[in-house]
Each structure stands twice: as C-alpha cells, then as structure tokens.
Amino acid sequence: MYYLLTRRYFKVKTVLVIGGGVTGLKASHELAEMGYNVSLVEKQDYLGGQVAKHKYYKLAPDMRLVSEVLDPVIKNVESNSNIKVHKHSTITALSGNAPEFKVKIKNSKGESEETFGAIVVATGFEHFDPTVKQEYGYSRFKDVVTNAEVEELLNPSGPTKGELKRPSDGKIPKKVAIFQCVGSRDKQVGNPYCCRVGCVVSTKQAIEIKEKYPDTEVYVYYMDMRMFGRGWEELYGKAMEEYEVIFTRGRGAEVTLKNQQLSLRAEETIMDRPIQHSVDMIILAAGQAPGDGTIEAAKILGIKQNEYGYLAPKDDFLSPNESSKAGIFIAGADKGPLDVENCIVEGAAVAAKVASSLK
Ligand code: SF4
C-alpha cells in the first residue's frame, strides 16, 4: 500500500526541470501553477540563461525591454512555493524509469538523490564561438565583436552604460558593418543549418545603433534575409526606409587591420563583384549551437541527439516535446535555434505535455 501511495505521489507530483533559461523558467512556473512540485536545476548562480548572461537589452520586433519579459518570468519562479530552485547545481546520474526517476543532483555542498515522476530538459543554447572563423578576426582585432557583446554594450546597465564604444579606443564608431550567418549555414564548421534569429537580431541592432547615433553608417552583409517571425519583415522594411541601414547581399569573406583601420572583403552576389570596405567596427552575428549542458544532459539521461548535437524529439511533427526516452521531455533552444518569444511558448507547451502524461 505504501509503495502504491508513494508511486502515485511521485507520478503525480514531482517534476525535475533542467535549465533555468526562459524555457525552463516558463515550464517550471506552469507546472507549479498546475499543482506539481518542481525542482529547477541550473548550473549557473543566476537564472535567465543566455538572455541574462549577455544582458540582452531589447527584443525584436517590438523593441520591448528584455527586463519587462525576463523579470516577471524569474519572479514567478522565485516566489512560487511549489518550486525549489537549485542554482550552481548539475545532475550527475540517472537511474530508474518513468514515473520514478532517481536523479543525483550535485552542488558545492555535495550530492543528493531525489525521485521525480518526469524530467524536462531545457538546457538552451550557446552562441557559436567565432574564433573558429579566424578570417573574421575575432579575438585578433579588438573592434570585431559579437552580436551578444553588442547587446551588453547597448544595455544601460552594461559595461559602457549603453554606449556603443569601440573596445580599442572607447570612441563611437562612424561606420559599422554587421556580418550575418557567422557559424551558421556554413558546412565548413559543421553547421549547415540556419540560426533563425541572426537576421532579426542584426536588423534590431542596426536600428538601435541608428536611433542612438543617426550619423553612424550601418551596413549589413547578408546571404538572405530570413524574416519569417511576427513583425520581422516590417522591421526589415523600417530599417531600410526609416533608418537608412544599407543591406548588401554578400557574405563577408575576410577582415584585415592595416594602420589601425579595419577593412572587410565581401563577395557581392547580386552584381557578382568583390567589395572592399573600411569600417570602424564589425559585428559578427554569431549563430546558436548546442551548449555543453545539453550534450552532458543527453549523455547522463541517455536521450538521443541529432547530427548537430541538438536534442532529438521522438517525432518532429507528432511528439516535438518528447525525447527518445519515456517520461523525459525536451523544450526550447536545446532542440534547435529559437528566439525568446518561442522559447516561452515551448516552456508552456512542454508543461502541458508533462501534466497530461502524469495524469
Ligand atoms: S537567420 Fe539569418 S543570419 Fe542566421 S543563419 Fe539564417 S540567414 Fe544567416
């Protein structure tokens, strides 16, 4: 009888969520609101994932402050008595099966084992490391920066208090070039897939720069503009027409530095001609890649990844939030590149799926 009661308790009441980014936060809150006891495990000592790590400032297409979205999502978790947050913690081992998974959770104080009815993996993504693309000069030339670093620079609570200062001399750049598709749609680096968000983030950042510094010229070098999301195409039109951002179809080929002057070479694909262009700052739109946390979680939990390292759903169309193992669910950017808005949608969707499976 005791066995049956405890079995039912675990089945109905306890869920482990791995990852405290927006997807994991949303999933935890939704599950807690439905009466489940949630343990949220996050390896960092803060919540919010990449959005918090890089101090993302504004969201496309509405230019809404990130804090207006992220702060309530975090608060919903931290103030909910059904959610136990384990920061600076990782999972180290799994045994058992659904609906009685035994998971070891480790932090600086040691290791403990807890039992869960279901597990949600929401380990998110990491930005592609642009040092792999040596020809773009990242880490060799100070004024070649990533889109994530620009988020931090444009944020009033960032290191430059919201000013886009060149790392080399602290001056505001007069000419900025943005290179799209860095580490995405690139078979050479093993990432042939599209990052889905680079185009809209570059367009958003180009507008933010022009709003703040109208005299600064902003050039975007793109392969294609993939503006499929809500309001994204309109934002693209606005960038060209209202802000005079110059979009050039052509992939950046190389960045050089001569006499303290950055110069880029690109292939302009409409006119089929090479371009050489001197600029003051280059922003690399570094795509998304599966993070170490995703790869580690897949290994410990024994769930399948696809050929690029992302978590593989049981069925892409019919069971997008179920992993290859019963009782373990997957959501968000650990399945493939995703924007913040859809990470939140995924968090809510996976919570509903977990709840229905534990009924
Ligand atoms: S979203 Fe845009 S920047 Fe990102 S890979 Fe696709 S086309 Fe390139």
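Please refer to the structure placed before this passage.
Residues numbered from 1 in each chain as written. Predicted model: local features only at pLDDT ≥ 70, side-chain atom pairs only at ≥ 80, totals over all residues. Heavy atoms only, no water.

*Asks:* Give me the overall build of the protein chain: which residues, what numbers.
*Replies:* When helices and strands are counted, the protein chain shows 9 helices and 19 strands. Expected size for 359 residues packed as a compact globule is a radius of gyration near 21 Å; at 22 Å, the protein chain falls within 12% of this value. Its C-alpha atoms put the protein chain at 80 × 40 × 35 Å along the principal axes. Of all 359 residues assigned to the protein chain, the portion counted as buried reaches 54%. For the protein chain, contacts bridging at least 24 residues in sequence account for 62% of all contacts bridging at least 6. Of the roughly 16700 Å² that the protein chain leaves accessible, carbon and sulfur atoms contribute 50%. Within the protein chain, the 47 negative side-chain charges are centred at a point lying 5 Å from the centre of the 47 positive side-chain charges. (Helix = DSSP H or I, 4+ residues; strand = E, 2+ residues; numbered from the N terminus. Rg over C-alpha atoms; globule rule 2.2 N^0.38 Å. Buried < 20%, exposed > 50% of the residue type's maximum accessible area, 1.4 Å probe, protein only. Contact = heavy atoms within 4.5 Å. Areas by Shrake-Rupley, 256 points an atom, 1.4 Å probe, with all protein chains shown as cover. Lys, Arg positive; Asp, Glu negative; His and termini not counted. Charge placed at Lys NZ, Arg CZ, Asp CG, Glu CD.)

*Asks:* Please provide a residue-by-residue account of the packing of helix α5 (residues 147–154) against helix α6 (residues 198–212), values included.
*Replies:* Interhelical geometry of α5 versus α6 gives an angle of 35° and a closest axis separation of 11 Å. For α5 against α6, the interelement crossing comes out left-handed. Contacts from Asn-147, Val-150, Glu-151 and Leu-154 of α5 reach α6 at Val-201, Lys-204, Gln-205 and Glu-208. In terms of residue class, the contact of α5 with α6 is made up of 3 nonpolar, 2 polar and 3 charged. (Axes fitted to C-alpha atoms, helices over the stretch in contact; angles between N-to-C directions. Left-handed = near helix turned anticlockwise from the far one by under 90°. Nonpolar A, V, L, I, M, F, W, Y, C, P; charged D, E, K, R; others polar.)

*Asks:* Can you lay out the nonpolar core for me, pointing to particular residues and giving the numbers?
*Replies:* Judged by nonpolar contacts, the single largest core of 36 residues is most densely connected at Val-15, Leu-25, Leu-31 and Val-354. If we ignore the near neighbours within four places in the chain, the residues touching Val-354 are Val-15, Leu-31, Ala-118, Val-120 and Phe-329. Formed by 29 residues, the second largest nonpolar core is a distinct cluster that contains Leu-153, Cys-199, Tyr-213 and Met-225. (Core = buried A, V, L, I, M, F, W, Y, C linked by side-chain atoms within 4.5 Å.)

*Asks:* Report on the layout of surface pockets, specifying residues and quantitative values.
*Replies:* To find the voids left in a structure, one rolls a probe of water-molecule size over its atoms. The calculated volume of the second largest pocket comes to roughly 290 Å³. Surrounding the second largest pocket, 13 residues form its lining, Arg-196, Asp-316, Lys-335, Gly-336 and Pro-337 being those nearest its centre. Here the lining of the second largest pocket is composed, by residue class, of 6 nonpolar, 3 polar and 4 charged. (1 Å grid on protein atoms, 1.4 Å probe; cavity = no way out; pocket = protein on both sides within 12 Å on 5 of 7 lines; lining within 4 Å. Points joined across faces, edges and corners; volume = space filled by probe spheres on them.)

*Asks:* Kindly report on the packing of aromatic side chains, identifying the contributing residues and their values.
*Replies:* For the coordinates displayed, the defined rule picks out 6 aromatic pairs. Judged by centre distance (5.5 Å) and plane angle (70°), the rings of Tyr-193 and Tyr-310 are edge-to-face. Remark: Tyr-310 occurs in the loop between α8 (292–301) and β19 (328–330) and Tyr-193 occurs in the loop between β12 (175–182) and α6; sequence separation between them is 117 residues. Looking at Tyr-310, the relative accessible area reads 1%, which means it is buried. Within the aromatic cluster, the residues linked to one another by ring pairs are Tyr-136, Phe-179 and Tyr-221. A cation sits over an aromatic face here: Lys-133 above Tyr-136, 5.7 Å from the ring centre. (Phe/Tyr/Trp six-rings, centres within 6.5 Å; stacked < 30°, edge-to-face > 60°. Lys NZ or Arg CZ within 6 Å of the ring centre and 35° of its normal.)

*Asks:* I'd love a proper account of the environment of Ala-349, names of residues and values included.
*Replies:* Relative to the assigned elements, Ala-349 resides in helix α9 (residues 340–357). Residue Ala-349 is classed as partly exposed on the basis of its relative accessible area of 32%. Between the C-alpha atoms of Ala-349 and Asn-321, which are 28 residues apart in sequence, the distance is 7.8 Å.

*Asks:* Any details on the site of the ligand? Residues and values, ideally.
*Replies:* In the vicinity of the ligand, the contacting residues are Gln-180, Cys-181, Ser-184, Arg-185, Cys-194, Cys-195, Arg-196, Val-197, Gly-198, Cys-199, Asp-224 and Arg-226. Mapping the ligand onto the cavity grids shows that it belongs to the largest cavity. Looking at the shell around the ligand, the elements that each hand over two or more residues are β12 and α6. Looking at the shell around the ligand, its residues break down into 5 nonpolar, 3 polar and 4 charged. (Near = heavy atom within 4 Å. Sits in = over half its atoms within 2 Å of the grid points.)

*Asks:* Tell me what's going on with empty space enclosed by the protein, and back it up with residues and numbers.
*Replies:* One pass over the structure, following the stated rule, counts 2 cavities of 30 Å³ or more. Reported here for the largest cavity is a volume of approximately 80 Å³. Surrounding the largest cavity, Gln-180, Cys-181, Ser-184, Arg-185, Cys-194, Cys-195, Arg-196, Val-197, Gly-198, Cys-199, Arg-226 and Phe-228 form its lining. Per-class residue counts for the lining of the largest cavity are 6 nonpolar, 3 polar and 3 charged. Approximately 30 Å³ is the volume attributed to the second largest cavity. Looking at the second largest cavity, the residues that line it are Val-22, Val-51, Leu-59, Val-66, Val-69, Leu-70 and Val-340.

*Asks:* Help me get a handle on the environment of Pro-313, residues and values and all.
*Replies:* Within the secondary structure, Pro-313 sits in the loop between α8 and β19. In this structure Pro-313 comes out as buried when scored by relative accessible area, which is 19%. Measuring from C-alpha to C-alpha, the distance between Pro-313 and Gly-237 comes to 36 Å, with 76 residues separating the pair along the chain.

*Asks:* An account of the pattern of salt bridges is requested, with residue identities and associated values reported.
*Replies:* According to the stated counting rule, one finds 25 salt bridges in the structure shown. In this structure, Arg-230 engages Asp-62 in a salt bridge whose closest nitrogen and oxygen atoms are separated by 3.1 Å. Residue Arg-230 is found in the loop between β13 (217–222) and α7 (232–241), and its partner Asp-62 is found in the loop between β3 (58–59) and β4 (64–65); the two are separated by 168 residues along the sequence. Of the charged contacts in the structure, one is a salt bridge between Lys-204 and Glu-151, with a shortest N-O distance of 2.7 Å. With Lys-204 in helix α6 and Glu-151 in helix α5, this pair connects stretches of sequence that are 53 residues apart. Each of the two residues, Lys-204 as well as Glu-151, counts as buried. Residues joined in a network through salt bridges with shared partners are Lys-133, Glu-135, Asp-186 and Arg-251. (Salt bridge = Lys/Arg side-chain N within 4 Å of Asp/Glu carboxyl O.)

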